[in-house]
Amino acid sequence: MAELAFILIGALLVNNFVLAQFLGLCPFIGASGQYDTAAAMGLATTFVLTLAAASSWIIHQFVLLPLDLTYLRIIAFIVVIAGTVQLTELYLKSTSPLLHQVLGIYLPLITSNCAVLGVTLLALQQSLTFVETLVFAVGAALGFTLVMVLFAAIRERLMHARIPAPFAGAPITLITAGILSLAFMGFAGFGS
Amino acid sequence: MSRQDTRHIMLTVSAALLPGLALQALLLDPVGVTLNVLTAGAVAIATDRLCLAARSRTSGREFLPDGLAVTGSDASALVTGLILAAALPPGAIVPVALATVTALALGKHAYGGLGNNVFNPAMVGYAVVLVSMPLAVGGWPVVGTATDALTGATVLTTFKYRESATVEGIWTEADGFGALAGAGYEWVALAYGLGAAFLFFRGLAAWRPAVGVMAALIAASLLGYDNGSSASLGSPIYHLFAGGLLLAVGFVVTDPVTHPGGQRAQWIFGLCVGVLIFCIRAWGNYPDGIAFAVLLGNALTPYLDRRFPVARHA
């Protein structure tokens, strides 16, 4: 149980995928301009991440390993992730067309979110069990969502700030992301 | 609030820092603390002026608060410099200068100056030097020895790397600590606390974030306290007086720009920062996590302001 808690906290804060491992930066910067979009993006990614990590683990364990095809794991996982994203998109399109429209291009882009592929590969690398993989994926996804929500709230506040012209836009966004990453360094060492 | 008011408040805050700084100089290292204050003050004012000049050139006067480019600083740069002079080890002038430049240029002026910054400038500067040059900012003078002769680990570092010593043991062995009787770090912390109390009394700083931090720290350390065995995570008194806690509680978490506006949000902010300080002290790699905890609290602030907006009176 303590082991699972460590995995969760580790993926959520200590080795936060965005701010400590620098994965999934495209949606982090691209979809964090508005709070609602960012929160929706976080939830959609959470769903895809968890489902993709679970199905990847199953495919690796019961298809790739027995057939001795582990060298195909990256391709296999990308297909799994793309399939999960397609499923999510179909589901969103039918249940919440508005959200589907708001997320727009960023929804299919979850496919190329390196954090998603990163979670599946890192879970494999650490030879986690199925339950551990699930906890790891949920931790990573919650960490992603947390950072998205915090960052989007900060960016909405920055829109009202009198940023000097040379820093307006991308520069101040990246500076803020850097300071946020600096703040997350305080979690270094938890669970070790 | 006009700029004149801001300047007046910032000068009062600087004055409230002085008793602590004076005691720090008297008890720890007169030369080092004086050097720190002079370096931080000079670098702070110079950086502030340069950035203001650059901003008026690139953004046009209309982007600056009225007349700021002409008459100069609103003295908030001085407060940032003094906090860094107090928070960094006496005599460490290179880290002090670097932290001050980072704090003002990156933490404040890149965001458009006072009132627009998301993170507390002093803590941005402090965190940057803490992760960039951990050794240069780790040594504090040992109380009771010839000045500027010896530097040693702080009580927090000793505590972190204790093998089997009991907390009480470290507490009484550590120079400058113990039962408030000996002159030392506890008195310095207390002087900062009194300076802060003056600000609360004058209504110049919000007390809820500060009380929240202390309450969370006391509660968390009571939960982890087992009467001082070697596995203990530290007593409440230890946590309140060790490191720069009272300095941070009085002058950093009370920064009105970077803590939330609403009362409920201020409580949540304070409690979060307090719990984070305890967690980083107890389980993190860094002996003292105040800077990181405050930056994380600052990062939470826009969300809290959004979630619990300030009640507007008609």
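What you see is a predicted model, and the numbers here were worked out from it, not measured in a lab.

Assigned secondary structure in chain A consists of nine helices and zero strands. Starting at the N terminus, the α and β elements of chain A follow one another as α-α-α-α-α-α-α-α-α. Computed over C-alpha atoms, the radius of gyration of chain A comes to 17 Å, within 12% of the 16 Å expected from 2.2 N^0.38 for 192 residues, which places it in the range of a compact globule. Seen through its C-alpha atoms, chain A measures out along the principal axes to roughly 60 × 45 × 30 Å. Counting across all 192 residues of chain A, residues that qualify as buried make up 50%. Entry remark: accessible area of chain A is about 8,800 Å², with carbon and sulfur atoms responsible for 71%. Counting 5 positive and 6 negative side-chain charges, chain A places the centres of these two groups 17 Å from one another.

At the interface, 38 residues of chain B touch 31 residues of chain A. Summed over both sides, the interface between chain B and chain A buries roughly 2,800 Å², with carbon and sulfur atoms accounting for 70% of that surface. Here chain B and chain A share two salt bridges between them. As a salt-bridge pair, aspartate 36 of chain A and arginine 306 of chain B come within 3.8 Å of each other at their nearest N and O atoms. If you look at where chain B meets chain A, you find six residue pairs in polar contact (both at pLDDT 80 or more). Those elements that place two or more of their residues in the side of chain B that touches chain A are helix 2 (30-59), helix 6 (121-132), helix 13 (263-283) and helix 14 (290-307) of chain B.

Right, let's talk about the pattern of salt bridges for a bit. One pass over the full model with this rule turns up three salt bridges over all chains. Note that arginine 306 of chain B and glutamate 156 of chain A form a salt bridge whose closest N and O atoms lie 2.7 Å from each other. With arginine 306 of chain B in helix 14 and glutamate 156 of chain A in helix 8 (residues 130-158), the pair connects residues from two separate chains. Take arginine 306 of chain B: its relative accessible area is 38%, and that puts it in the partly exposed class.

This part is about the side chain of glutamine 24 of chain B. Residues and elements named next belong to chain B. Following the sequence through the fold, glutamine 24 ends up in helix 1 (residues 3-27). Its relative accessible area of 2% is what places glutamine 24 among the buried residues. Leaving out residues up to four positions away in the same chain, glutamine 24 has contacts with Asp29, Val33, Ala86, Trp140, Val188 and Tyr192.

Here the focus is the packing of helix 3 (residues 35-64) of chain A against helix 7 (residues 114-125) of chain A. For any two helices packed against each other, one specifies the crossing angle of their axes together with the interaxial distance. Residue and element names in this part refer to chain A. Between helix 3 and helix 7, whose axes approach to 9 Å, the crossing angle comes to 35°. The handedness of the crossing between helix 3 and helix 7 comes out as right-handed. In this structure, helix 3 uses Thr45, Val48, Leu49, Ala52, Ala53, Ser56 and His60 to contact helix 7, whose residues at the interface are Val116, Val119, Thr120 and Leu124.

What follows is about the domain arrangement of chain B. Residues and elements named next belong to chain B. Along its sequence, chain B is carved into domain 1 (3-135) and domain 2 (153-307). Contacts between the two partners involve 29 residues from domain 1, matched on the other side by 26 residues from domain 2. When the buried area of domain 1 at its contact with domain 2 is split by residue, Ala16, Asn120 and Met123 rank highest and sum to 21% of it. In this assembly, domain 1 and domain 2 are joined by zero salt bridges. Summed over the shared surface of domain 1 and domain 2, the number is three residue pairs in polar contact (both at pLDDT 80 or more). A per-element tally of the side of domain 1 that touches domain 2 places helix 1 first, with 11 residues.

Another point: the packing of aromatic side chains. Residues and elements named next belong to chain A. The final tally for this structure, using the stated rule, is nine aromatic pairs over all chains. Seen from their ring centres, tryptophan 57 and phenylalanine 62 are 6.4 Å apart, and the 75° between their planes marks the pair as edge-to-face. For tryptophan 57, a relative accessible area of 17% translates into the label buried. Ring pairs connect the aromatic residues Trp57, Phe62 and Phe130, which therefore count as one cluster.

Attention shifts here to helix 6 of chain B. When the terminal C-alpha atoms of helix 6 of chain B are compared, their 17 Å separation across 12 residues agrees well with the 16 Å that a helix rising 1.5 Å per residue should span. With nine of 12 residues buried, helix 6 of chain B lies mostly within the body of the structure. Every buried residue belonging to helix 6 of chain B is among Pro121, Ala122, Met123, Val124, Gly125, Tyr126, Ala127, Val129 and Leu130 of chain B, and all of these are buried. Lining the buried residues of helix 6 of chain B we find helix 9 (170-184) of chain A together with helix 4 (76-87), helix 5 (93-108) and helix 14 of chain B. At the N-terminal boundary of helix 6 of chain B, the capping side chain belongs to asparagine 120 of chain B, with an oxygen 3.0 Å from the backbone nitrogen of alanine 122 of chain B.

So, how was this worked out
Residues numbered from 1 in each chain as written. Chains lettered and ligands numbered in written order. Predicted model: local features only at pLDDT ≥ 70, side-chain atom pairs only at ≥ 80, totals over all residues. Heavy atoms only, no water. Helix = DSSP H or I, 4+ residues; strand = E, 2+ residues; numbered from the N terminus. Rg over C-alpha atoms; globule rule 2.2 N^0.38 Å. Buried < 20%, exposed > 50% of the residue type's maximum accessible area, 1.4 Å probe, protein only. Areas by Shrake-Rupley, 256 points an atom, 1.4 Å probe, with all protein chains shown as cover. Lys, Arg positive; Asp, Glu negative; His and termini not counted. Charge placed at Lys NZ, Arg CZ, Asp CG, Glu CD. Contact = heavy atoms within 4.5 Å. Buried area = accessible area lost by both parts, 1.4 Å probe. Salt bridge = Lys/Arg side-chain N within 4 Å of Asp/Glu carboxyl O. Polar contact = N/O pair within 3.5 Å; in protein donor to acceptor, adjacent residues only side chain to side chain. Axes fitted to C-alpha atoms, helices over the stretch in contact; angles between N-to-C directions. Left-handed = near helix turned anticlockwise from the far one by under 90°. Domains from an automatic or database assignment. Phe/Tyr/Trp six-rings, centres within 6.5 Å; stacked < 30°, edge-to-face > 60°. Expected span 1.5 Å × (residues − 1).

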